[in-house]
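Descriptive analysis of the structure
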Amino acid sequence: MFMAKLPATIFVGFIFFILGSQWAFAQNGPNLGVLAASEEIVAWDISISPDGNGLPEGSGTAVGGKSIYMEKCLVCHGQEGSGLLNDRLAGGHGTLDGPAPIKTVGSYWPYATTIFDYVRRAMPYLQPQTLSNEEVYALTAYLLFLNGIIGEDEAMDAQTLPRVKMPNRDNFILAYPGEK
Amino acid sequence: MPESKKNIPMEEVAGNGLLHRRVFLSQGAALISAGSFNLLTARPASAQTTVDIPPWMKVPGAGMSGYGSRAAHEDYIQRNPVSALGTTGSGGSRTPLQSLEGMITPSALHFERHHSGIPDINPDDHRLLIHGMVDRPLIFTMDALSRYPMVSRIHFIECSGNSRVGFNIEPALGSCGDLHGLVSCSEWTGVSLAILLEEAGIDPRAQWVLAEGADAAVMSRSVPVEKIMDDALLALYQNGERLRPDNGYPIRLLLPGYEGNISVKWLRRIKVTAEPTMTRDETSKYTDLRQDGKSLIFTFPMEVKSVITSPSPGLSMSGSGLYEISGLAWSGSGKIIAVEVSADGGRSWARAALSEPVLSKAMTRFRMAWRWNGGDAVIKSRAIDESGAIQPSRDQLLEEKGTKFNYHYNGIQSWRVASDGEVVNVYG
């Protein structure tokens, strides 16, 4: 009765408001996701993109990185990244087009940001996600230094790391979506 | 016997004894029962006959069980786990393809490739976060995901490092599964990821998503939005039951036809992005080094491929006679339209029968009748998919891709059958 007395335009508008608010959500799904709080996203989002997006506060140099490396990385990766139980991390420059290519962080990896991302998420193998951001910056700097890409005292941080150009960066061809 | 022979000529369709498949159809069966030929399987059955009643017919059998198990006689059929030095869970285990039939891989024998072991995930505490370039970042519980409409599809997953030994200078020794067992095929059931991304409101400028697992390696890969919206599945079930822990329990991203590594197991996070994240597993690994020192990145679809599973190394032939050659073919680009088999080292080829159903991006079983004359023979198969791609010979593959490629090996597999019935891997 009350509705019937309202002008038709208001009634139609009310219906559109209801539909509109529904329409803001997907039409096909049950919409059972819960809005994620920004602190939840910050805690979960550990990926770093090549432009440096996602890099945290902090910084580190190769000098600091070396002592962490000796304690936590040496057993698998050998002296100065020479490889042992696991991947060689340094050297191999200029070998990729030869008969015995040596893929290392320095000779192969296209982006320096990937070092920070991977070390932080997955290393050391037996204790992943235990390194502080400062330690990860320092280890990243040490690996870059071992490969002759930065100096021993050069600090890596959210600004400097994305600007490091890896030697093999321009030798990757996008198979998807294909060369433009 | 002579009459059967007259009705059913043993029509050769290619050299060295490949026969038309009608030899195995109903009339062929009559002919076989007439005793003209020895129909032998690659695994010869026991020749023992007896008039005694077997012991299992003389007592009531075992009771029912809550969760079944296979016959103890079959327990020798195993994956072969190999872990990297210093680890227990970094490495892989391969499907024993030579011991299986049909197109579906039993879940317990699906291949594994893990980067830091199998996490022990409590589904009540597991969450999927979708965020990044979306209007509404959303968190889903497993209970919530279970209420979404589900789809079931049969797809293979193949590790891009499968058959890598084909790059070796000398042919590797091993069974078919040892060489090619990083491929398996299951029925996967789950929720279309496109529905969840639509609910989150994906930014039209987004081109990629990062998919991340909840294992200790937090394995992550970038996936084109185009693929996600096309056919990406959040798989919750494998072959009718919840995923096994070694296949990503409780959620595995399934990207049909793409290299296996990108079907991220134990999925916890989808971040929508403009550009690829360039993770370690899509730059340092799973990229394809060419002869000239340049590398291809984002080589997603697995190429057309086939392999004869029977006979194959370890399944020796026992005497000349009629055999069925059986194998598997698959392609990341769609359906298999034909598989050709040769029994004379590739001089002549004949089309094999394809077992129904033949599905897109799924294993397809092929079969071919072969009368083995007991002499030395090289048998091989090559598959053709609906995109027109033809499985290359090893020489063609190495010529095209080089020897430093290390991934996506799909060269034709040749098996040499020696006159004593032993089968080994050979090139050419």
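Residues numbered from 1 in each chain as written. Chains lettered and ligands numbered in written order. Predicted model: local features only at pLDDT ≥ 70, side-chain atom pairs only at ≥ 80, totals over all residues. Heavy atoms only, no water.

**Let's talk about the overall build of chain A**
The number of helices and strands found in chain A is 7 helices and 4 strands. Taken from the N to the C terminus, the helices and strands of chain A come in the order α-α-β-α-β-α-α-α-α-β-β. Counting all 180 residues of chain A, 41% fall into the buried class. Within chain A, contacts between residues separated by at least 24 positions form 56% of all contacts whose residues are at least 6 apart in sequence. (Helix = DSSP H or I, 4+ residues; strand = E, 2+ residues; numbered from the N terminus. Buried < 20%, exposed > 50% of the residue type's maximum accessible area, 1.4 Å probe, protein only. Contact = heavy atoms within 4.5 Å.)

**Quick look at the overall build of chain B**
Within chain B one finds 8 helices and 26 strands. Taking all 428 residues of chain B together, the buried fraction comes to 57%. Considering only contacts in chain B between residues 6 or more positions apart, those separated by 24 or more positions represent 72%. Put simply, chain B shows about 17,700 Å² of open surface, and 52% of that area lies on carbon and sulfur atoms. (Areas by Shrake-Rupley, 256 points an atom, 1.4 Å probe, with all protein chains shown as cover.)

**Digging into the confidence of the model for chain B**
Residues and elements named next belong to chain B. Taken over all residues, the pLDDT of chain B has a mean of 92, while the share at 70 or more is 92%. Note that pLDDT drops below 50 for residues 1–7; the model gives that stretch 4 contacts with residues more than four away or on any other chain. Predicted confidence is poor over residues 27–44, with pLDDT under 50, and the contacts of this stretch with residues over four places away or in other chains come to 37 contacts. (pLDDT = per-residue confidence, 0-100.)

**Topic: a nonpolar patch on the surface**
A cluster of nonpolar side chains, Leu84(A), Leu85(A) and Leu85(B), forms an exposed patch at the surface whose accessible area comes to about 310 Å². Residue position: Leu84(A) is located in the loop between helix 5 (74–77) and helix 6 (113–122). Judged by relative accessible area, which is 61%, Leu84(A) ranks as exposed. (Patch = residues over 30% accessible without salt bridge, like charges linked within 9 Å, V, L, I, M, F, W, Y side chains within 5 Å. Salt bridge = Lys/Arg side-chain N within 4 Å of Asp/Glu carboxyl O.)

**A look at the nonpolar core**
Ranked by internal contacts, the top residues of the largest apolar core, which has 76 residues, are Leu128(B), Ile130(B), Leu193(B) and Leu234(B). The element contributing the most residues to this core is helix 7 (residues 133–146) of chain A, with 8 residues. Three or more residues apiece are contributed to this core by two domains, here domain 1 (1–39 + 293–428) and domain 2 (112–286) of chain B. Contact partners of Leu128(B), with chain neighbours within four places excluded, come to Leu138(B), Ile139(B), Phe140(B), Leu145(B), Leu196(B), Leu234(B), Ile251(B), Leu267(B), Arg268(B), Arg269(B) and Ile270(B). Leu97(B), Ala343(B), Ala383(B) and Val423(B) belong to the second-largest nonpolar core, a separate cluster that totals 38 residues. (Core = buried A, V, L, I, M, F, W, Y, C linked by side-chain atoms within 4.5 Å. Domains from an automatic or database assignment.)

**Notes on the pattern of salt bridges**
The final tally for this structure, using the stated rule, is 28 salt bridges over all chains. Between Arg290(B) and Asp292(B) there is a salt bridge, and its shortest N-O distance comes to 2.8 Å. On the basis of relative accessible area, Asp292(B) is assigned to the partly exposed category, the value being 42%. Because the salt bridges share partners, they merge into one network encompassing Asp45(A), Asp117(A), Arg121(A), Glu212(B), Arg268(B), Arg269(B) and Lys271(B).

**Here we look at empty space enclosed by the protein**
Residue and element names in this part refer to chain B. In this structure the tally under the stated criterion is 5 cavities of 30 Å³ or more. Of the pockets and cavities examined, the largest cavity occupies roughly 180 Å³. Along the wall of the largest cavity there are 18 residues; nearest its centre are Arg-113, Arg-252, Gly-260, Asn-261 and Lys-265. Top contributing element to the lining of the largest cavity by residue count: strand 5 (residues 112–114), with 3 residues. Across the lining of the largest cavity, the residue classes tally to 6 nonpolar, 6 polar and 6 charged. Its volume calculated, the second largest cavity comes out at about 90 Å³. Around the second largest cavity sit 15 residues that line it, and Gly-166, Tyr-409, Gln-413, Asn-425 and Tyr-427 are the ones nearest its centre. (1 Å grid on protein atoms, 1.4 Å probe; cavity = no way out; pocket = protein on both sides within 12 Å on 5 of 7 lines; lining within 4 Å. Points joined across faces, edges and corners; volume = space filled by probe spheres on them. Nonpolar A, V, L, I, M, F, W, Y, C, P; charged D, E, K, R; others polar.)

**Let's talk about the packing of aromatic side chains**
Applying the stated rule across the entire model yields 16 aromatic pairs over all chains. The interplanar angle of 50 degrees and the centroid separation of 4.6 Å between the aromatic rings of Phe116(A) and Tyr137(A) together place this pair among those described as tilted. Note that Phe116(A) is positioned in helix 6 and Tyr137(A) in helix 7, a separation of 21 residues in sequence. Tyr137(A) matches Phe116(A) in its accessibility class, with the two residues each being buried. A cation over a ring is seen here: Arg268(B) above Trp44(A), with NZ or CZ 4.2 Å from the ring centre. (Phe/Tyr/Trp six-rings, centres within 6.5 Å; stacked < 30°, edge-to-face > 60°. Lys NZ or Arg CZ within 6 Å of the ring centre and 35° of its normal.)

**Describing the sheet that holds strand 7 (residues 138–141) of chain B**
As summarised here, the arrangement of the 6 strands in space is 1(A)-7(B)-6(B)-15(B)-10(B)-11(B), forming an open sheet in which the pairing is mixed. Unpaired on one side and paired on the other, strand 1 (34–35) of chain A together with strand 11 (220–224) of chain B mark the two borders of the sheet. Taken together, the 5 bridges between strand 10 (residues 208–213) of chain B and strand 11 of chain B define a ladder with antiparallel strand orientation. Residue pairing in the sheet places Trp208(B) in a bridge with Pro224(B) of strand 11 of chain B. Running at roughly 55 degrees to strand 6 (residues 127–132) of chain B, helix 5 (residues 193–200) of chain B makes contact with strand 6, strand 7 and strand 15 (267–273) of chain B of the sheet. (Pairing = 2+ DSSP bridges. Axes fitted to C-alpha atoms, helices over the stretch in contact; angles between N-to-C directions.)

**Remarks on the pairing of strand 9 (residues 183–192) of chain B**
All names here are of chain B. Of all 10 residues in strand 9, 8 are buried, a share of seventy percent or more. Pairing between strand 8 (residues 150–158) and strand 9: 9 bridges, direction antiparallel. Bridged to Phe-156 within strand 9 is Cys-185.

**Here's the deal with the sheet that holds strand 3 (residues 82–83) of chain B**
Residues and elements named next belong to chain B. Read from one edge to the other, the open sheet built from 3 strands follows the order 3-4-5, with strand pairing classed as antiparallel. Taken across any chain shown, the strands that pair with only one partner, and hence form the sheet edges, are strand 3 and strand 5. In this structure, strand 4 (residues 91–93) lies alongside strand 5, joined through 3 bridges in antiparallel fashion. Residue pairing in the sheet places Gly-92 in a bridge with Arg-113 of strand 5.

**Considerations on the interface of chain B and chain A**
Counting residues at the interface gives 56 residues for chain B, matched by 46 residues for chain A. Both sides together, the interface formed by chain B and chain A hides about 4,500 Å², and carbon and sulfur atoms give 60% of it. For chain B, the biggest contributors to the area lost against chain A are Arg136(B), Ile139(B) and Arg280(B); these three give 12% of the whole. Scanning the region where chain B abuts chain A turns up 4 salt bridges. The salt bridge partner of Arg269(B) is Asp45(A), with a shortest N-O separation of 2.8 Å. Across the chain B-chain A interface, the total number found is 26 residue pairs in polar contact (both at pLDDT 80 or more). The residue inventory of the side of chain B that touches chain A, partitioned by class, reads 23 nonpolar, 16 polar and 17 charged. As paired elements, strand 4 (residues 172–174) of chain A and strand 17 (residues 295–297) of chain B share 3 bridges and run parallel to each other. Paired with Leu174(A) across the strands is Ile297(B), a residue of strand 17 of chain B. (Buried area = accessible area lost by both parts, 1.4 Å probe. Polar contact = N/O pair within 3.5 Å; in protein donor to acceptor, adjacent residues only side chain to side chain.)

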